[in-house]
Amino acid sequence: MFEDVDGMEVFVNPEQVIWVREYPGEVTVISCGHEDRFKVRLSPAQAVAALGKAVR
């Protein structure tokens, strides 16, 4: 579970994550496919650690 930039809780399935990218304004986007993107206020390293994924 993450809290997105709008304060809503979102569930991100770690098996579906394609990429994690940092954007200006301390916003990290987690992509799970074509339209499934989530904006969170974590660093990319924090997001990846929370997902339990190894960095490639």
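All values reported here derive from a predicted model rather than from experimental measurement.

What counts, and where the lines are drawn
The residue numbering used here restarts from 1 in each chain and proceeds along that chain's sequence as written. Side-chain atom pairs in this predicted model are given and counted only at pLDDT of 80 or more, local residue features only at pLDDT of at least 70, and totals for whole chains, interfaces and linings cover all residues. Note: side-chain values were computed over all heavy atoms of the structure, leaving out hydrogens and water. Counting from the N terminus, the helices are the DSSP runs of H or I reaching at least four residues and the strands are the DSSP runs of E reaching at least two. Contact criterion: two residues are considered in contact whenever any of their non-hydrogen atoms come within 4.5 Å of each other. Strand pairing is assigned whenever DSSP detects at least two bridges linking the two strands. Convention adopted: a line fitted to C-alpha atoms gives each axis, helices being fitted over their contacting stretch, and angles between N-to-C directions are expressed from 0 to 180 degrees.

Engineer: Can you explain the environment of Pro 14? Please cite residues and give values.
Structural biologist: Position of Pro 14 among the secondary structure elements: in the loop between strand S2 (9–10) and strand S3 (19–23). Separated by 34 residues in sequence, Pro 14 and Val 48 place their C-alpha atoms 9.1 Å apart. Leaving out residues up to four positions away in the same chain, Pro 14 has contacts with Leu 51 and Lys 53.

Engineer: So, the sheet that holds S3: which residues are in play, and what are the values?
Structural biologist: With respect to topology, three strands assemble into an open sheet ordered S3-S4-S5, the strand pairing being antiparallel. The sheet is open, and its two edges are formed by S3 and strand S5 (37–40), each paired on a single side. Averaged over all pairs of adjacent strands, the angle between their axes in this sheet comes to 20°, without regard to strand direction. Bridge count for strand S4 (residues 27–31) against S5 is four bridges, and the pairing is antiparallel. Paired with Thr 28 across the two strands is Val 40, which belongs to S5. Along the sheet face, helix H1 (residues 44–51) touches S3 and S4 and points at about 155° away from the line of S3.

Engineer: Quick rundown of the side chain of Ser 31? Include the residues and the values.
Structural biologist: Inspection of the secondary structure assignment puts Ser 31 in strand S4. Excluding its chain neighbours within four sequence positions, the residues that come into contact with Ser 31 are Gln 16, Val 17, Ile 18, Trp 19, Asp 36 and Arg 37.

Engineer: Explain the pairing of S3 to me, and be specific about the residues and the numbers.
Structural biologist: Two elements, S3 and S4, share five bridges in a ladder whose sense is antiparallel. Residue Val 20 lies in a different strand from S4, and its bridge partner there is Ile 30. Count of turn residues in the S3/S4 antiparallel hairpin: three residues, of which Gly 25 carries a positive phi of about 85°.

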